[in-house]
Amino acid sequence: MRKIKLAVIGAGARGFLSYMPYVLRSPHEAEVVAVAEPHEERRTRFAEAFNLTSAQLYATWEELLSRPKLCDAVLICTQDQMHFEPTAAALRRGYHVLLEKPMSHSPAECVEMERIAREEDRLLSICHVSRYTPFWQTVKQLVQDGRIGQVMSIQHNENVGYLHYAHSFVRGNWRNDALASPMILAKSCHDMDLIRWIVDADCAKVSSFGSLGHFRLDQAPAGSTDRCTDGCKAESTCPYSAPRFYMQDLEANRFAALIADPPTEANRMKAILEGPYGKCVYRTDNNVVDHQTVNMEFENGVTVMFSMCGFTRDMNRIVQIMGTQGEIRGNLLSGRIELFEFASGTQTVIPVPAGEGGHQGGDDGIMRQFLSDLRHERYRDTLTSAAASLESHLMAFAAEESRRSGGTVIDMKRYRQSLAAASWDDAGEQTHGSQSG
């Protein structure tokens, strides 16, 4: 088995904690030879895990990619708005790339990255890890095998979970679309991708409604303050109390470990007192929606209703797929899939255990597949290639455009044509055309 050599750009929660455990457990498959990470403590921790020398450490991606070609592939796990430049540069320098989702906050940049990968004959795979989970692969196989006949309609709910929403999308890195991406892209591009994969046709029309309805100053309770620790009179009864949430045991609350590095009690309290995670959820600079629906019609006639909500008990995805000969109902959190077949009137319950690793096995799954694709020189038409992922990204951008315009129906054929009309110069700079959804 040929060992694949890797470099990592961005050694945070995704670049280190999500994807590197598989590499650490599979030293016969891959070897990490370099890392680019501006945060010194993260860079040092990564170096210790992989026995890297100081010569293999870089503070910026520019430094790493300015060197002669170091390895086979690069994992790019930077923030949303920092994806395009390192990805384009890596592809043009001959690297294959595994890119954290979403591809970019700009539809034109998504189109361009896919074009560069094709032109350079490089594998550009997007981290739509859900496709690699046993749960969603089982759902896909049931549909593909014709167990419910022809798919007619899908209802898909993304329950974000009230604490996850407050942590990531009110106080956290994805709270403002000027800093990251719109909610439909930052969180729900997984769902757009799964829907596109299951329907197996291009989207024809999209419309969307949604807003930031609750986490606003005018919804703040009486007696609240800028920070939970500023003497807030509502803190003791507020479900979003930072001290109560983030000072929990790290085993009981995985989000608590993300607000400080290392997440000692002293460091976490300092983060609450001084950083964004201690701010009142009604008094931040957040602007992404806390609830949204998207209606879609596909070219094969399938209709889809997608709903994202930040006001749910659990973090979960629930799907109902209705076909001409049966119905599938799936609950990701319970790992339970129900198949009902009309002709026999029978219901089959299919328990699907979560796979090993994060995201129900998806993190390990995508690493395993990416390394296999490289060993066998499969650079196009892979499960989550840029070409496969591009359509679902454009669906998300179109949905956000519709939402912002009050629910206008977006014709996807015209939308794609408008993006194709954008041109780029030799340096990769866009010369005309929209860069936003």
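Per an unreviewed UniProt entry, the protein chain goes by the name Gfo/Idh/MocA family protein and belongs to Paenibacillus xanthanilyticus. A UniProt comment under Sequence similarities (unreviewed entry) is attached to the protein chain, and it reads "Belongs to the Gfo/Idh/MocA family."

Colleague: Hey, could you go over the pattern of salt bridges for me, with residue numbers and the actual values?
Modeller: One pass over the structure, following the stated rule, counts 30 salt bridges. Between R380 and D121 there is a salt bridge, with its nearest N and O atoms 3.9 Å apart. Placement of the pair is R380 in the loop between helix 13 (362-375) and helix 14 (386-404) and D121 in the loop between helix 6 (107-120) and strand 6 (124-126), with a sequence separation of 259 residues. Among the residues examined, R380 registers a relative accessible area of 47% and is labelled partly exposed. Residue classification places D121 among the partly exposed residues on the basis of a relative accessible area of 37%. Of the charged contacts, one joins R283 and D226 as a salt bridge, the two residues approaching to 4.0 Å between their closest N and O atoms. Remark: D226 occurs in the loop between strand 8 (203-211) and helix 11 (242-246) and R283 occurs in the loop between helix 12 (265-274) and strand 9 (291-298); sequence separation between them is 57 residues. Overall, the relative accessible area of 27% leaves R283 in the partly exposed class. What makes D226 partly exposed here is its relative accessible area of 45%.

Colleague: Residue-level account of empty space enclosed by the protein, with values.
Modeller: All told, the structure shown has 2 cavities of 30 Å³ or more when counted by the stated rule. The calculated volume of the largest cavity comes to roughly 70 Å³. R171, P221, S224, C228, C232, A234, E235, C238, Y240, C280, V281 and Y282 are the residues that line the largest cavity. A breakdown of the residues in the lining of the largest cavity according to their chemical character gives 9 nonpolar, 1 polar and 2 charged. Approximately 30 Å³ is the volume attributed to the second largest cavity. Considering the residues around the second largest cavity, the lining is formed by D177, P182, M183, N287, V288, V289, E400, R403 and R404. Considering every element that reaches the lining of the second largest cavity, the biggest residue donor is helix 14, with 3 residues.

Colleague: Which residues make up the sheet that holds strand 4 (residues 73-76), and what values do they have?
Modeller: As a general point, the strands of a sheet are linked pairwise by backbone hydrogen bonds and lie either parallel or antiparallel. The sheet built from 6 strands is open, its strands ordered 3-2-1-4-5-6 with parallel pairing. Strand pairing shows two members of the sheet lacking a second neighbour, strand 3 (57-58) and strand 6, which therefore form its edges. Examined bridge by bridge, strand 1 (residues 4-9) and strand 4 share 4 bridges and lie parallel to one another. Considered in strand 4, the bridge of A7 is made with V74. Of the strands in this sheet, strand 1, strand 2 (30-36) and strand 3 touch helix 3 (residues 40-50), which is tilted by about 160 degrees from strand 2.

Colleague: Talk me through the UniProt feature "domain: Gfo/Idh/MocA-like oxidoreductase N-terminal" (unreviewed entry) in the protein chain; I want residue IDs and the actual numbers.
Modeller: As recorded in UniProt, the sites labelled "domain: Gfo/Idh/MocA-like oxidoreductase N-terminal" (unreviewed entry) are residues 4-126. Helix and strand shares over residues 4-126 are 42% and 21% respectively, and the end C-alpha atoms of the span are 18 Å apart.

Colleague: Break down unusual backbone geometry for me, with residues and values.
Modeller: A cis amide bond links K101 to the next residue, P102, at an omega of -10 degrees. Of note, P102 is situated in the loop between strand 5 (96-99) and helix 6. Here D261 and P262 are connected by a cis peptide whose omega angle stands at 0 degrees. By secondary structure assignment, the location of P262 is in the loop between helix 11 and helix 12. For N51, which is not a glycine, the phi torsion comes out positive at approximately 55 degrees. One can find N51 in the loop between helix 3 and strand 3. With phi around 55 degrees, D381 is a residue other than glycine that occupies positive phi space. Following the sequence through the fold, D381 ends up in the loop between helix 13 and helix 14.

Colleague: Help me get a handle on the environment of L179, residues and values and all.
Modeller: Counting through the fold element by element, L179 comes out in the loop between helix 8 (162-171) and helix 9 (183-186). For L179, a relative accessible area of 43% corresponds to the partly exposed category. The spatial distance from the C-alpha of L179 to the C-alpha of Q81 is 7.3 Å, given a sequence separation of 98 residues. Each residue touching L179, except ones within four places of it in the same chain, is listed here: Q81 and D285.

Colleague: Help me get a handle on the nonpolar core, residues and values and all.
Modeller: Ranked by size, the top nonpolar core spans 88 residues in total, and within it L124, W136, Y165, M296, F298 and I321 carry the most contacts. Once residues within four sequence positions are removed from consideration, L124 is found in contact with T87, L91, V97, L99, M113, E114, A117, T384, S385 and A386. In this structure, V35, A47, L52 and V129 belong to the second largest nonpolar core, which totals 30 residues.

Colleague: Provide a residue-level description of the pairing of strand 10 (residues 303-309), including the pertinent values.
Modeller: Direction of pairing for strand 7 (residues 151-159) relative to strand 10: parallel, over a ladder of 7 bridges. In the sheet register, H156 faces strand 10, and the bridge partner there is F306. Alignment of strand 9 against strand 10, held across 7 bridges, turns out to be antiparallel. Looking at strand 10, one finds that T293 is bridged to S307.

Analysis parameters
- Residues numbered from 1 in each chain as written.
- Predicted model: local features only at pLDDT ≥ 70, side-chain atom pairs only at ≥ 80, totals over all residues.
- Heavy atoms only, no water.
- UniProt positions renumbered as here; feature names shortened; annotations may be inferred.
- Salt bridge = Lys/Arg side-chain N within 4 Å of Asp/Glu carboxyl O.
- Helix = DSSP H or I, 4+ residues; strand = E, 2+ residues; numbered from the N terminus.
- Buried < 20%, exposed > 50% of the residue type's maximum accessible area, 1.4 Å probe, protein only.
- 1 Å grid on protein atoms, 1.4 Å probe; cavity = no way out; pocket = protein on both sides within 12 Å on 5 of 7 lines; lining within 4 Å.
- Points joined across faces, edges and corners; volume = space filled by probe spheres on them.
- Nonpolar A, V, L, I, M, F, W, Y, C, P; charged D, E, K, R; others polar.
- Pairing = 2+ DSSP bridges.
- Contact = heavy atoms within 4.5 Å.
- Axes fitted to C-alpha atoms, helices over the stretch in contact; angles between N-to-C directions.
- Core = buried A, V, L, I, M, F, W, Y, C linked by side-chain atoms within 4.5 Å.

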